[in-house]
Amino acid sequence: MEDCSSRSVLCHLTSLLLLIQLPLAGSAEEFFMIGPLDPIVAMLGGDATLPCRVCPTMSVENMELRWFRSKFSEVVFIYQNQREHNEEQMAQYAGRTSLVRDLLTQGEAAVHIHKVQASDDGLYTCFFRKGGFYEEASLELKVAGVGSVPQVHIKGPEEEGVRVVCMASRWFPKPQVQWRDLSGKKFLAFSETHAKDEEGLFSVEASLVVRDSSAGNVTCSILNPILGQEKTMAIFIPEPFFPQASLWKPAFIVILTVLTLLLLGAVYYTKREHSTKLQELQKQKGLRQAKEEDQQAKEEALKARDELQADLDWRQSVYLAAWRKAQMYADWWKEKFQAWSVTLDPGSAHPNLSLSPEKTSLTWKDTHVDSGDTCSILGLEGITSGRCYWEVEVRNRDRSKWALGVCRGDVKRKGWYRESPDKGFWVVGQFGKNYCACTIPDTSLSLRQFPHRVGVFLDYNEGDVSFYNMSDGSHIFSFPQASFSGTLFPYFMLKSGKMSLTICPTVGGSEGFPVPINNSPSSLEEPVSLPGEEFSSGSGVDGAPPAVESPLLPCNSEAASL
């Protein structure tokens, strides 16, 4: 009851804050999710309830509700269009889930999982979506099961004592084992092994060697760490089971200790004498080596300048041969690409997007109509060949949602959709506080600073799309090589937040026309041959890919993406 009361107070306070900020908000339908703060404990074979609610309080009958595991595709339960869907449901949850509908109109929804299994243990995510707005919350389900009573038996004499074995099965999670004597004192030194059966339940075997013949009873306890429940079993060890003490063993130990000390003394003396002789030999050898090194240093100093010049020439040749896949700064790539003049196409714009008179700037406008669509727009001119790039200035607010890149002209942009290369989109962007490349699954991007100016580099013939932070010239992300067909268009997406995307003016070159790939015999895509080595446009040094290490920018691929 106290937990429900605290959630209610939190929800009302949050609703009040949202009402105060309503004039500045992007949509009146925004909400956030509340899940249970503490893990949900469920018994094996019983039922578990995974509750979630929205704040401010509103009906969720017409929302899309999902519960899934670590990935969006690992579906536990789906409720959409006021009915349950099981087409995407994971096999292990088939026929074991149901929705609690009683409180849907009050913003609360919960899923029952029947006949809980060990595999149900772990993290879950509840996802609520209404139109184009969605939120999610995480919750944890801890499965617990108390297994069999431990079975204890005497295995036999061992190590001047008696070995006692305790076994139990069908516990979850992995149980804890404790051994105690008659007075309740714990034994600390014992061994234990665990195993899982096909249902994911644990079996344990613990082995204890009792050396005190007066111990009498010993008790084995198996404890469930989640429930705090334990089962115990005691066994009595008769004194005749303990082996009789032998007098010759202590004497043998003393003699063995003395012999070991004498042996160590002899080894130390011999080693010290050998070390003294070795030091004299090394001293004489060092003097000879010093003279040889002085002579060699003089010879190497004469070659250093020529070797340095040769190394610089080699690095320049490698760059010329492998510039395409080297981790380079954006200004280097701009020398190989033609600036592309992008104008926004009003006919492809979503109604919630506002264009500047010059059709080069894009902002979000609130029409008070939640269509649930992804708000996007294309460039007016398409690209069918060559290499080109354009730059976009991003004026951002926290938790904004935007993306930019390229897409095929025949892609589906109606309704709500997800951008990915397999659907004809090659884009990166910001979604809330996270930056990612739109792949399946999304590729998270760790940036050193917010990219206020993003460069999009498209090589149509080579199937390459790369993004650079034009503020500091650092590399953001490159999609795997693709095979383009048809016409590609610049793509822009904007959803919520007071921000804008502005296409920067082109500088120099023939605006609006990509650079042809084979327009000059001296193109840097031609292989460059060095004496004794061969290079091609797709190869690095000695067969290593240039993307791994560039001779002109020595950094790894991970550092280049930061």
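Parameters at a glance
- Residues numbered from 1 in each chain as written.
- Predicted model: local features only at pLDDT ≥ 70, side-chain atom pairs only at ≥ 80, totals over all residues.
- Heavy atoms only, no water.
- UniProt positions renumbered as here; feature names shortened; annotations may be inferred.
- Helix = DSSP H or I, 4+ residues; strand = E, 2+ residues; numbered from the N terminus.
- Buried < 20%, exposed > 50% of the residue type's maximum accessible area, 1.4 Å probe, protein only.
- Polar contact = N/O pair within 3.5 Å; in protein donor to acceptor, adjacent residues only side chain to side chain.
- Contact = heavy atoms within 4.5 Å.
- Phe/Tyr/Trp six-rings, centres within 6.5 Å; stacked < 30°, edge-to-face > 60°.
- Lys NZ or Arg CZ within 6 Å of the ring centre and 35° of its normal.
- Pairing = 2+ DSSP bridges.
- Axes fitted to C-alpha atoms, helices over the stretch in contact; angles between N-to-C directions.
- Salt bridge = Lys/Arg side-chain N within 4 Å of Asp/Glu carboxyl O.
- Core = buried A, V, L, I, M, F, W, Y, C linked by side-chain atoms within 4.5 Å.

Labelled according to an unreviewed UniProt entry, the chain appears under the name Butyrophilin subfamily 1 member A1-like, originating from Ceratotherium simum simum. Taken verbatim from the UniProt record of the chain, the Sequence similarities (unreviewed entry) comment is "Belongs to the immunoglobulin superfamily. BTN/MOG family."

Asker: When you look at the side chain of Asn 224 in this model, what are you seeing that I'm missing?
Answerer: Along the chain, Asn 224 falls in the loop between β17 (217–223) and β18 (230–236). By relative accessible area, Asn 224 is classed as buried at 0%. One polar contact links the side chain of Asn 224 to the main-chain carbonyl oxygen of Phe 172, over a distance of 2.9 Å. Looking at Asn 224, its side chain comes within polar contact range of the main-chain nitrogen of Leu 227, at 3.1 Å. The contacts of Asn 224, once residues within four sequence positions are left out, are Ala 144, Gly 145, Val 146, Trp 171, Phe 172, Pro 173 and Gln 229.

Asker: Explain the packing of aromatic side chains here, please?
Answerer: For any pair of aromatic rings, geometry is given as the distance between the ring centres together with the angle between the planes. Counted under the stated rule, the structure contains 17 aromatic pairs. Between Tyr 435 and Phe 450, the ring centres sit 6.0 Å apart and the planes meet at 55°, which makes this aromatic pair tilted. In this pair, Tyr 435 sits in strand β26 (residues 434–437) while Phe 450 sits in the loop between β27 (443–444) and β28 (453–459), placing the two residues 15 residues apart along the sequence. Of the two residues, Tyr 435 and Phe 450, both sit in the buried class. Ring geometry for Phe 477 versus Phe 479: centroids 5.0 Å apart, planes at 90°, classification edge-to-face. Take Phe 479: its relative accessible area is 3%, and that puts it in the buried class. Directly above the aromatic system of Tyr 124 lies the positively charged group of Arg 69, at a separation of 4.3 Å from the ring centroid.

Asker: Whenever I open this one, the sheet that holds strand β11 (residues 151–158) confuses me. Can you help?
Answerer: Backbone-to-backbone hydrogen bonds pair the strands of a sheet. The strands run either parallel or antiparallel. As summarised here, the arrangement of the 4 strands in space is β11-β12-β16-β15, forming an open sheet in which the pairing is antiparallel. Among the strands making up the open sheet, the edge pair consists of β11 and β15 (191–196). Each adjacent strand pair in this sheet contributes to an overall mean axis angle of 20°, direction not counted. Pairing between β11 and strand β12 (residues 161–171): 7 bridges, direction antiparallel.

Asker: How do you make sense of the pattern of salt bridges when you look at a structure like this?
Answerer: Where side chains of opposite charge bring their charged atoms close, a pairing between them can arise. A complete count under the given rule lists 12 salt bridges for this structure. The salt bridge involving Glu 84 is made with Arg 101; its shortest N-O contact spans 3.9 Å. Pair noted here: Glu 84 is in strand β6 (residues 83–85) and Arg 101 is in the loop between β7 (97–100) and β8 (108–113), with a separation of 17 residues, a long-range link. A relative accessible area of 40% means that Arg 101 is categorised as partly exposed. One salt bridge in this structure joins Arg 170 and Glu 199, with 3.0 Å as the shortest N-O distance.

Asker: Explain the nonpolar core here, please?
Answerer: Here is a general trend for soluble globular proteins: nonpolar side chains tend to be buried in one another's company. The biggest cluster of nonpolar side chains holds 38 residues, and the ones touching the most others in it are Trp 390, Trp 402, Leu 404, Phe 467 and Phe 492. Here this core takes 4 residues from strand β23 (residues 387–395), the largest share from any one element. Ignoring sequence-local partners within four residues, the contact set of Phe 492 consists of Val 342, Leu 344, Leu 362, Cys 375, Ser 376, Ile 377, Trp 390, Val 392, Ala 403, Leu 404, Leu 501 and Ile 503. Listed in part, the 35 residues of the second largest apolar core include Ala 48, Met 58, Met 63 and Trp 67.

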